Amino acid sequence: MEPLEFIRCTPADLDVLRDVSISTFSRAFETQNNPEDFAAYLRKAFGRNQLETEFRHPDMHFYFVRSEGDLVGYFKLNTGNAQTELREPKGMELERIYVLAGFQGRGMGARMLDWICGHARSAGKTYLWLGVWEHNPRAIAFYERQGFVTFGKHPYDIGNDRQWDWLMRLDLPASKGMAPDRGPASDNTT
Ligand SMILES: CC(C)(COP(=O)(O)OP(=O)(O)OC[C@H]1O[C@@H](n2cnc3c(N)ncnc32)[C@H](O)[C@@H]1OP(=O)(O)O)[C@@H](O)C(=O)NCCC(=O)NCCS
């Protein structure tokens, strides 16, 4: 199995991050949305200014995931008041997780999640949580298989279209007696 490298993004990565954010989000959701609402959302969520602001936020962190030099995915983690709900000190929000199309279904997402769990626990967090569109059954199945459980719902606006996300949560076992597949992050971090 090829090793994965987890690299915290810096402002120098902004253009690549922006491109990959737009392309993965569009590929996943564009056809299921009204074009005008979708375009408005892309401008707002992935605009340069917006991403620059998020980069500057001390509690929002983006990571690239590389395998043998190829970018295979990215994710965004929020803590503290940067979380979009709950905002508990012991929680960490996985606001985005995307595997690039050619790499999906090959276990990358599961390995990314393992690393994220180890990282969250090292940061003293006791649970991970996320919002997933109610009409994204494959992602919901993925999270359920990884042990997430649904605990609520919150609205998520795509342009003028109000949509709903399921809120899902994964409790992180304490280091003592923790499940082997939720051990400390083992892949490389840069
Ligand atoms: C959801 C996602 C992160 C999972 O990562 P992954 O590397 O594809 O998943 P893994 O290979 O570790 O696990 C495969 C399982 O994930 C689920 N899955 C979700 N989307 C999938 C996809 N596009 N292709 C294959 N499996 C997918 C399935 O349940 C699959 O199980 P199966 O093999 O029994 O069908 C990734 O598929 C992705 O980026 N999807 C598009 C964007 C998205 O929906 N992101 C989540 C937003 S909340």
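Just so it is clear, the model here is predicted, and its values are computed rather than measured. (Residues numbered from 1 in each chain as written. Predicted model: local features only at pLDDT ≥ 70, side-chain atom pairs only at ≥ 80, totals over all residues. Heavy atoms only, no water.)

(A) Just the overall build of the chain, in detail. Regarding its fold elements, the chain presents 5 helices and 8 strands. Secondary structure elements in the chain, listed N-terminal to C-terminal, are β-α-α-α-β-β-β-α-β-α-β-β-β. For 190 residues, the compact-globule estimate of 2.2 N^0.38 gives 16 Å, and the C-alpha radius of gyration of the chain, at 16 Å, lies within 12% of that figure. Each principal axis of the C-alpha atoms in the chain carries an extent, and together these give about 50 × 40 × 30 Å. Burial analysis of the chain (190 residues in total) assigns 44% to the buried set. If you take every contact in the chain between residues at least 6 apart in sequence, the share linking residues at least 24 apart comes to 63%. With the model as given, the accessible surface of the chain reaches about 10,000 Å², and the carbon-plus-sulfur share is 49%. Between the centroid of the 23 positive side chains of the chain and the centroid of its 26 negative side chains there is a distance of 3 Å. (Helix = DSSP H or I, 4+ residues; strand = E, 2+ residues; numbered from the N terminus. Rg over C-alpha atoms; globule rule 2.2 N^0.38 Å. Buried < 20%, exposed > 50% of the residue type's maximum accessible area, 1.4 Å probe, protein only. Contact = heavy atoms within 4.5 Å. Areas by Shrake-Rupley, 256 points an atom, 1.4 Å probe, with all protein chains shown as cover. Lys, Arg positive; Asp, Glu negative; His and termini not counted. Charge placed at Lys NZ, Arg CZ, Asp CG, Glu CD.)

(B) Looking closely at helix H4 (residues 108-122). A rise of 1.5 Å per residue sets the reference length of H4, with its 15 residues, at 21 Å; its end C-alpha atoms lie 21 Å apart and thus fit the reference within 8%. The element H4 is extensively covered by neighbouring structure, given that 11 of its 15 residues are classed as buried. Restricting attention to buried positions, one finds in H4 the residues Met108, Gly109, Arg111, Met112, Leu113, Trp115, Ile116, Cys117, Gly118, Ala120 and Arg121. Two residues or fewer after H4 comes Gly124, characterised by a positive phi angle close to 85 degrees. (Expected span 1.5 Å × (residues − 1).)

(C) Representation of the site of the ligand. Residues in close proximity to the ligand total 19 residues, the closest being Val99, Gln104, Gly105, Gly107 and Gly109. In the environment of the ligand, a nitrogen atom lies 2.5 Å from a nitrogen or oxygen atom belonging to the side chain of Gln104. In the complex, 78% of the free accessible area of the ligand, which totals 840 Å², lies under the protein chains. At the level of elements, strand S4 (91-99), H4 and helix H5 (137-145) are the ones that each hand at least two residues to the shell around the ligand. The element contributing the most residues to the shell around the ligand is H5, with 6 residues. Of the residues assigned to the shell around the ligand, the class counts are 11 nonpolar, 5 polar and 3 charged. (Near = heavy atom within 4 Å. Polar contact = N/O pair within 3.5 Å; in protein donor to acceptor, adjacent residues only side chain to side chain. Nonpolar A, V, L, I, M, F, W, Y, C, P; charged D, E, K, R; others polar.)

(D) Region of the structure containing the UniProt feature "domain: N-acetyltransferase" (unreviewed entry) in the chain. Per the UniProt entry, the sites bearing "domain: N-acetyltransferase" (unreviewed entry) are residues 4-173 in this numbering. Helix and strand shares over residues 4-173 are 35% and 35% respectively, and the end C-alpha atoms of the span are 23 Å apart. (UniProt positions renumbered as here; feature names shortened; annotations may be inferred.)

(E) Here's a closer look at the pattern of salt bridges. Evaluated as defined, the whole model comprises 7 salt bridges. Asp15 is the salt-bridge partner of Arg48, the closest N and O atoms lying 2.7 Å from each other. Within this pair, whereas Arg48 is found in helix H3 (residues 48-56), its partner Asp15 is found in helix H1 (residues 14-29), the two being separated by 33 residues in sequence. Taking relative accessible area as the criterion, Arg48 reaches 37% and is therefore assigned partly exposed. Notably, a salt bridge pairs Lys76 with Glu54, separated by 3.0 Å at the nearest N-O pair. You can see Lys76 sitting in strand S3 (residues 70-78) and its partner Glu54 sitting in helix H3, a full 22 residues away along the chain. Classification of Glu54 as buried rests on a relative accessible area of 7%. What you see here is one network of salt bridges that share partners, running through Asp15, Arg48 and Glu52. (Salt bridge = Lys/Arg side-chain N within 4 Å of Asp/Glu carboxyl O.)

(F) How the structure looks around the pairing of S4. Among the 9 residues of S4, 8 are classified as buried, and the element is accordingly described as predominantly covered. Judged from the 6 bridges that link them, S3 and S4 form a sheet pairing that is antiparallel. When the sheet's bridge partners are listed, Gly73 is paired in S4 with Val99. What joins S4 to strand S5 (residues 127-133) is H4, and the crossover it makes is right-handed. (Pairing = 2+ DSSP bridges. Right-handed = clockwise from strand over helix to strand, strands pointing away.)

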